[in-house]
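If you want the building blocks of each chain, they are given just below.
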Amino acid sequence: VHGLLCEVSSYYADKCAQKCIIVNINCEETLAIKVDRKRLCCVLQALLDNAIKFTTQPNKTITLQAEFSQTDYSVIFKIIDMGIGINTKDLDILCRILKKPFSTETTSSSAGLGIGLRTAQAIISQLSGNTGEMCIVTKLGLGTTVSFEIPYRKKIRPQMTFKDAIEDIAEIDL
């Protein structure tokens, strides 16, 4: 997992350098999880891209964090920024957009339509066996933390198809 966080961070090195943003990685180097690497990478890229986009002041820090939860037997991922934060009205709209993916609502400070967040939420749901959701905690002017959990071990689905089984076999340990 540590390697993946470093890889995702490296994709944005130039963008962060232009904005004088520092990206920290907070993850044990030995932490591993069995998951579709490309899909998890897409989620992390979408969330890091948003964190960079809404961190407007120079010399701020964004943290990519992953930790094992003994309680839930899962890996908890967090993207923590020191950006502009999200006002209450926009946060409510964002939450509705994520629950209703074909909504045409937009936020007042929106630099887009939330397609990245919608895609990330859909992938998180798939990776977690339809149990995962993004959690967004924010304070206006202080930043935002977006977190999500991926189960450490995938549960076998009783109605698993041959295609699902092949996809499970194709997954790699990060």
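Parameters at a glance
Residues numbered from 1 in each chain as written. Predicted model: local features only at pLDDT ≥ 70, side-chain atom pairs only at ≥ 80, totals over all residues. Heavy atoms only, no water. Axes fitted to C-alpha atoms, helices over the stretch in contact; angles between N-to-C directions. Helix = DSSP H or I, 4+ residues; strand = E, 2+ residues; numbered from the N terminus. Parallel < 35°, antiparallel > 145°, perpendicular 65-115°, else oblique. Left-handed = near helix turned anticlockwise from the far one by under 90°. Contact = heavy atoms within 4.5 Å. pLDDT = per-residue confidence, 0-100. Expected span 1.5 Å × (residues − 1). Buried < 20%, exposed > 50% of the residue type's maximum accessible area, 1.4 Å probe, protein only. Core = buried A, V, L, I, M, F, W, Y, C linked by side-chain atoms within 4.5 Å. Pairing = 2+ DSSP bridges.

A. Here's a closer look at the packing of helix 4 (residues 88-99) against helix 5 (residues 115-127). In the contact formed by helix 4 and helix 5, the axes pass within 9 Å of each other and the chain directions differ by 50°. Considering the angle they form, helix 4 stands oblique to helix 5. Regarding helix 4 and helix 5, the two cross each other, and that crossing is right-handed. Within the contact between the two elements, helix 4 uses Leu94, Ile97 and Leu98 and helix 5 uses Leu117, Arg118 and Gln121.

B. Region of interest: the confidence of the model for the protein. Taken over all residues, the pLDDT of the protein has a mean of 84, while the share at 70 or more is 79%. Note on residues 154-158: pLDDT under 50 across the span, and 3 contacts to partners over four residues away in sequence or across chains. Note on residues 169-174: pLDDT under 50 across the span, and 18 contacts to partners over four residues away in sequence or across chains.

C. Inspection of helix 5 at higher detail. For helix 5, built from 13 residues, the straight-helix expectation of 18 Å at 1.5 Å per residue is met to within 8% by its first-to-last C-alpha distance of 18 Å. Every buried residue belonging to helix 5 is among Leu117, Arg118, Ala120, Gln121, Ile123, Ile124, Ser125 and Leu127, and all of these are buried. Buried residues along helix 5 sit in contact with strand 2 (34-35), helix 3 (37-53), helix 4 and strand 6 (143-151). In the stretch just after helix 5, glycine 129 is the one whose phi turns positive, near 70°.

D. Region of interest: unusual backbone geometry. Positioned with a positive phi, cysteine 20 is a non-glycine residue whose angle comes to about 55°. Positionally, cysteine 20 belongs in the loop between helix 2 (13-19) and strand 1 (21-26). The phi dihedral of tyrosine 73 falls on the positive side, at around 50°, and the residue is not glycine. Taking relative accessible area as the criterion, tyrosine 73 reaches 40% and is therefore assigned partly exposed.

E. Spatial organisation of the nonpolar core. Leu44, Leu47, Phe77 and Phe148 are the most contacted members of the largest nonpolar core, which has 41 residues in total. Mapped by element, the contributors of at least two residues to this core are helix 1 (2-11), strand 1, helix 3, strand 3 (60-69), strand 4 (74-80), helix 4, helix 5 and strand 6. Broken down by element, this core gets its largest block of residues, 9 residues, from helix 3. In contact with phenylalanine 77, not counting residues within four places along its chain, are Val1, Leu40, Leu44, Gln65, Ala66, Val146, Ser147, Phe148 and Ile150.

F. Up close: the sheet that holds strand 5 (residues 135-139). Reading across from one edge, 1-3-4-6-5 is the order of the 5 strands in this open sheet, with mixed pairing throughout. What marks the edges here is a single partner per strand, and that holds for strand 1 and strand 5. For this sheet, the mean angle separating the axes of adjacent strands, direction not counted, is 15°. With 7 bridges connecting them, strand 4 and strand 6 associate as antiparallel partners. What sits directly across from lysine 78, in strand 6, is serine 147. Strands strand 1 and strand 3 of the sheet are contacted by helix 1, whose axis makes an angle of about 170° with strand 1.

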